[in-house]
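The residues making up each chain are set out below.
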Amino acid sequence: PLDVETKAQFLKCNECSNEFRVCTEKGVVCPGCGSVLTAPEGASAVLCGHCRERVSLTPEPPSRPATTPSISLPADEPEEEAEAHEETSVIESPRDYEEDRLQAMRVEFADRYEIIEPLGHGGMGAIYKARQKQPQRVVVLKVMLHGRFASPRYRVRFEREAQAVARLKHPGIVSVYEYGEVNGQPYFTMEYVEGCDVKQYVLRHKLDKRRTCELVVKIARAVAYAHQRGVIHRDLKPNNILVDGEGNPRLLDFGLARLAGDYTEDQPHMTEAGEVMGTPSYMSPEQTLGRPEEMDIRADVYSIGVLFYELVTHKLPYRIDRSRPLETLRIIREYVPKRPSAVNSKIDGDLDSIIMKCLEKERDLRYQSAVELSEDVGRYLRGQPVEARPSTTFYHFRKLLWRHRGFVVPVLGLILTLTALTAIFIWRLAAAERQARYSALEARMATQRAGQVKEQLVSFIMDLQNVRAKVDGLLDEGDWEEAHRIASFAEQQLPTEAGLAGLTAEVQAIISTHAADEARKVNELVRQMHFRDARSLMRRLTEMATRLDLPALAHRMERAAATFDEACWQSLFSYIQQNNRSARALERFLVECPGNGHAREARGLYEKLIGSIRFTRWPFDAAEAQRNQRLTAQVLELEVRYELELPGGATLDMVLVPAGEFLMGSSGEGEGSNADQEPQHAVRIRNPLYMSRTEITRGQFEAVMGTVSSDEGSGGPPGRSRSMPVAVSWEEARLFCDRLSQRNKDGLAIRLPTEAEWEHACRAGADALYSFGSDGGTERLTDHAWYGANSQGAPQPVGLKGPNPWGLHDMHGNMLEWCRDWYEARYYLTSLVQDPGGPETGTHRALRGGSWSDGPDELRSAYRKAARPESIRPTYGFRVCFEVIADYAERPTPGAALRVSGP
């Protein structure tokens, strides 16, 4: 933006040095599409940017409005000449133009709607209050700007808004009634809502903090519903949220919404490079970059956070200067707003933390969905601990007391009163007794001290003859300071005739020799990357050199201390060069050298390594899956295969399953797809884990549990092979995990996998029906699974069929496998993004994988079944897992370490 003086003829930009000519402008209306155009003073014609018509300019009438200064094209560019094709008129006033447009709309839609009044306009359409003639009802009529002359890009966006709202049926979202065209003019109608926008509603009704939070919960639930139906709003602001007469918020204006799987915005004809869409005040940092393909539901979470901030403080988190758009976008990306409590002192710490978590610049630090946000605000309203604040015992205890304050406060007051009275009474009774005991104690202590001095004197006199032998013994035992003390005392106190002259100097020389050897151990410990032990030894030698007056050792330790941090870093750097990907060495350095000058560089390397194994691009082929598996093992210094020892010499072969992201469930297409597999949704498994290579066999189960509770547990008669999969109930499978966790020497927490972990492990990067793809028919399925067509009506020994890319056998057949989750048919509608663990309660437990008696459609990666936890069937088996947890980089605390369960 440039400031223009009225009399100036030319203006130079201080940023780009381009020179501009200052001219005056006038407004004209394009007769083709009705667009308002701006024409330079003196121009004979102007080109319409919407319908591309050349519009001639008539001489200005005497009553034309005064022209205003503006900036035209750069002075060195030629003006475009155009011939007049049609006559047009100068706009007399915006009011006249709007009235003409309203009359035109009433004529155009007269057959179907009676247009009552204009309500305004959005980014792409004009909005009118209208009365539909059949059926009779009041509706909102939205007509696309520029009508039939609109560009294909605006038509697609206008149609997409109608599609987005039409797929949403929720009391918190306005409904679409009809979509169509009249004389080439696209339009759609929506439910008419009497009310005001949410900001006006809060101010008008003077809502307190609690009622405002309840309103935000309703908004977040409506947004979450849209997300679950694959719609991202991308323009949440007060004007797009109406509150009806009953106090219920209603979302509208999905003009910038994005549909799941709709990447039309990424095509060249849909958007210009770097085009930023949305309202700046409510944009998320990633939205300001103009890359719509990188945006997800967390952008809406950020916008809700800005709205929440504004409703409780009556101010926006940023100062927005609309005359400087680029500066505005930079502020949103970089500026950290004040905490709401700094603006409104009535806001407490919990609500502060909830809002600030919504406004995190990094998407991974925000709430991962509107569901998480609404649940956390709900916990706040119920007085429970919120997830936005660090979880501590004191915090949970304080919230517990606050929820039960009506009972706790009077009881606590009574207890304190009784305690105080009792303490005063006891103190007075004990005062006299203490005085008497003190006098008796003084007398006894004096007698004991005299006896101790006498005993020490006698002992010392008896040991005088063996001073040298005693000193030599202490030196050999490594008790150097005691040897030095005895030698120094004996040399000073005994006469020359005792022959102890120079004993202290001899002892110091011996200690110096031994200490030099110990000093060399410091360097050796650093080379072995035992940084904490090296620092402890160096500190001990330094203190001893000071106490025993050993200047050479003291000087050596000073030099070692001066270069200690750099030596530690060089040792680590050398190790990293030899072992290119090692998170273990980096985490040891971060834990044992927290104050090292290279700690920040080490933390960056560590987080980069952990990120490389945690966030993988999905889908990927078998070769990439195995590379991810090897990379995870290399970074965490683990083995891809791990043999877990069982009682009695039996073993359980475990396979490393990398962390990563994938789309869980089914899109609803193909045979075998059920409603409980929908919608397909993004899930992130944040930590690698080890999973048993095959289903648990009868032999492995008996090694841990001693016996199988039922003949059904062997998959057949009692004489079947110990390599047959065991068939047990969910409760028996859980008991097996608990007992194995208690008995294994490595202290591993063995458990059943969650549904998300099971499907992630089964797919191994594939987005097809099976882990090996969707083609090949039953031939490829026969190579990987036992099912109704090839099992001969019974389960088969484990591990005979081909594995998936990660080395897991029988994931698509042989036995249905118990998962840890409770089963709920519509759980995917509310599932979390990160490590979902299923519903909190239920009556049935989830089963995955298909069995020897099932058909091909029931062996799909996304297929789900359920049974009661106590049920035992010949088709119910299980496999186990344990996590490899890497959380140091996320929660850096002094003394914390990377916890890796397993080898």
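Every value quoted in this text rests on a predicted model; they were computed, and no experiment measured them.

Glancing now at the overall build of the chain. The number of helices and strands found in the chain is 24 helices and 26 strands. Split into buried and exposed, the 903 residues of the chain put 47% on the buried side. The contacts in the chain between residues at least 6 apart in sequence include a share of 65% that link residues at least 24 apart. If you sum the accessible surface of the chain, you get close to 46,100 Å²; carbon and sulfur atoms cover 51% of it.

It is worth spelling out the pattern of salt bridges at this point. Going through the model one piece at a time under the given rule, you end up with 41 salt bridges. The salt bridge partner of E181 is R155, with a shortest N-O separation of 3.3 Å. In this pair, E181 is assigned in strand β10 (residues 176-182) and R155 in helix α2 (residues 152-166), connecting sequence segments 26 residues apart. E181 gets classed as partly exposed once you look at its relative accessible area, which sits at 42%. The salt bridge involving K237 is made with D235; its shortest N-O contact spans 3.9 Å.

Attention shifts here to the sheet that holds strand β14 (residues 241-244). Strand order across the open sheet formed by 3 strands is β12-β14-β15, with antiparallel pairing between neighbours. In this open sheet, the two edge strands, each paired with only one partner strand, are β12 (195-197) and β15 (249-251). Neighbour to neighbour, the strand axes of the sheet diverge by 35° on average, direction disregarded. Relative to β15, β14 runs antiparallel, the two being bridged by 3 bridges. Bridge pairing in β15 places V243 opposite P249. Across the sheet, helix α4 (residues 209-228) is in contact with β14 and β15; its angle to β15 comes to roughly 30°.

Here T504 shows up in helix α14 (residues 503-527). Judged by its relative accessible area of 15%, T504 falls in the buried class. Expressed as a C-alpha distance, the spacing of T504 and A487, which sit 17 residues apart in the sequence, is 5.3 Å. Excluding its chain neighbours within four sequence positions, the residues that come into contact with T504 are H484, A487, S488 and E491.

Okay, unusual backbone geometry next. For the bond running from Q134 to P135, omega is -10°, close enough to zero to count as cis. Its place among the elements puts P135 in the loop between β8 (125-133) and β9 (136-144). Following E678, the chain continues to P679 via a peptide bond in cis, the omega torsion being -5°. Summarising the element assignment, P679 is placed in the loop between β19 (660-664) and β20 (681-685). Located in the positive-phi region is M529, a residue other than glycine, with phi close to 65°. Relative to the assigned elements, M529 resides in the loop between α14 and α15 (531-547). Non-glycine residue E637 carries a positive phi angle of around 55°. When you line up the elements, E637 lands in the loop between α20 (622-635) and β17 (641-645). You can call E637 partly exposed: its relative accessible area is 34%.

Before going further, it helps to examine the sheet that holds strand β22 (residues 816-822). If you trace the 4 strands from one edge of the open sheet to the other, you get β24-β23-β22-β25, paired in mixed fashion. In this open sheet, the two edge strands, each paired with only one partner strand, are β24 (864-867) and β25 (876-877). Where strand β23 (residues 845-848) meets β24, 4 bridges bridge the pair, whose relative direction is antiparallel. Along β24, the bridge assignment pairs R848 with R864.

In low-pLDDT segments, the atomic positions of the prediction should not be examined closely. Confidence in the prediction for the chain averages 79 pLDDT; 78% of positions are at 70 or higher. At the low end of the mean pLDDT range in the chain sits strand β6 (residues 69-74), at 33; at the high end sits β23, at 97. Throughout residues 263-274 the model reports pLDDT below 50, and contacts reaching past four residues in sequence, or to other chains, amount to 22 contacts. Predicted confidence for residues 887-903 stays below pLDDT 50, and this span has 42 contacts to residues more than four positions away or in other chains.

Our next topic: the packing of aromatic side chains. One pass over the full model with this rule turns up 16 aromatic pairs. Grouping aromatic residues by their ring pairs yields a cluster made of F109, Y113 and Y187. Positioned over the ring face of W730 is R845, at 3.9 Å from the centre of the ring.

Turning to its location among the elements, N628 is positioned in helix α20. Look at N628 and you get buried, because its relative accessible area is 10%. Sequence-distant contacts of N628, that is, excluding residues within four places in its chain, are made with T616, F620 and P658.

The biggest cluster of nonpolar side chains holds 83 residues, and the ones touching the most others in it are F701, F736, F878 and V880. Looking at which element gives the most residues to this core, the answer is α14, with 8 residues. When sequence neighbours within four positions are dropped, the list of residues in contact with V880 reads L652, M654, Y690, M691, S692, I696, F736, C737, I750 and R751. If you look at the next biggest cluster of nonpolar residues, it comprises 69 residues, including M190, Y225, I354 and V386.

Pairing geometry for β8 and β9, over 9 bridges, is antiparallel. Bridged to Y128 within β9 is L141. Turn length for the β8-β9 hairpin, with the two strands adjacent in sequence and antiparallel, is 2 residues. Across 5 bridges, the pairing between β9 and strand β11 (residues 185-191) is antiparallel. Paired with V140 across the bridge in β11 is M190.

This part takes up helix α23 (residues 755-763). The element α23 is largely enclosed, with a buried count of 9 among its 9 residues. Considered for burial, the residues of α23 that qualify are E755, A756, E757, W758, E759, H760, A761, C762 and R763. Immediately downstream of α23, the backbone of A764 shows phi near 50°, a positive value.

Packing of helix α13 (residues 480-493) against α14 brings their axes to within 9 Å, and their N-to-C directions diverge by 165°. It follows that α13 is roughly antiparallel to α14 by the angle criterion. Here the hand of the crossing between α13 and α14 comes out left-handed. Side by side, α13 and α14 meet where W480, A483, H484, A487, S488 and E491 of the first sit next to L503, T504, V507, Q508, I511, H514, A515 and E518 of the second. Of the residues that constitute the contact of α13 with α14, the class distribution is 7 nonpolar, 5 polar and 2 charged.

Rules and cut-offs
- Residues numbered from 1 in each chain as written.
- Predicted model: local features only at pLDDT ≥ 70, side-chain atom pairs only at ≥ 80, totals over all residues.
- Heavy atoms only, no water.
- Helix = DSSP H or I, 4+ residues; strand = E, 2+ residues; numbered from the N terminus.
- Buried < 20%, exposed > 50% of the residue type's maximum accessible area, 1.4 Å probe, protein only.
- Contact = heavy atoms within 4.5 Å.
- Areas by Shrake-Rupley, 256 points an atom, 1.4 Å probe, with all protein chains shown as cover.
- Salt bridge = Lys/Arg side-chain N within 4 Å of Asp/Glu carboxyl O.
- Pairing = 2+ DSSP bridges.
- Axes fitted to C-alpha atoms, helices over the stretch in contact; angles between N-to-C directions.
- pLDDT = per-residue confidence, 0-100.
- Phe/Tyr/Trp six-rings, centres within 6.5 Å; stacked < 30°, edge-to-face > 60°.
- Lys NZ or Arg CZ within 6 Å of the ring centre and 35° of its normal.
- Core = buried A, V, L, I, M, F, W, Y, C linked by side-chain atoms within 4.5 Å.
- Parallel < 35°, antiparallel > 145°, perpendicular 65-115°, else oblique.
- Left-handed = near helix turned anticlockwise from the far one by under 90°.
- Nonpolar A, V, L, I, M, F, W, Y, C, P; charged D, E, K, R; others polar.

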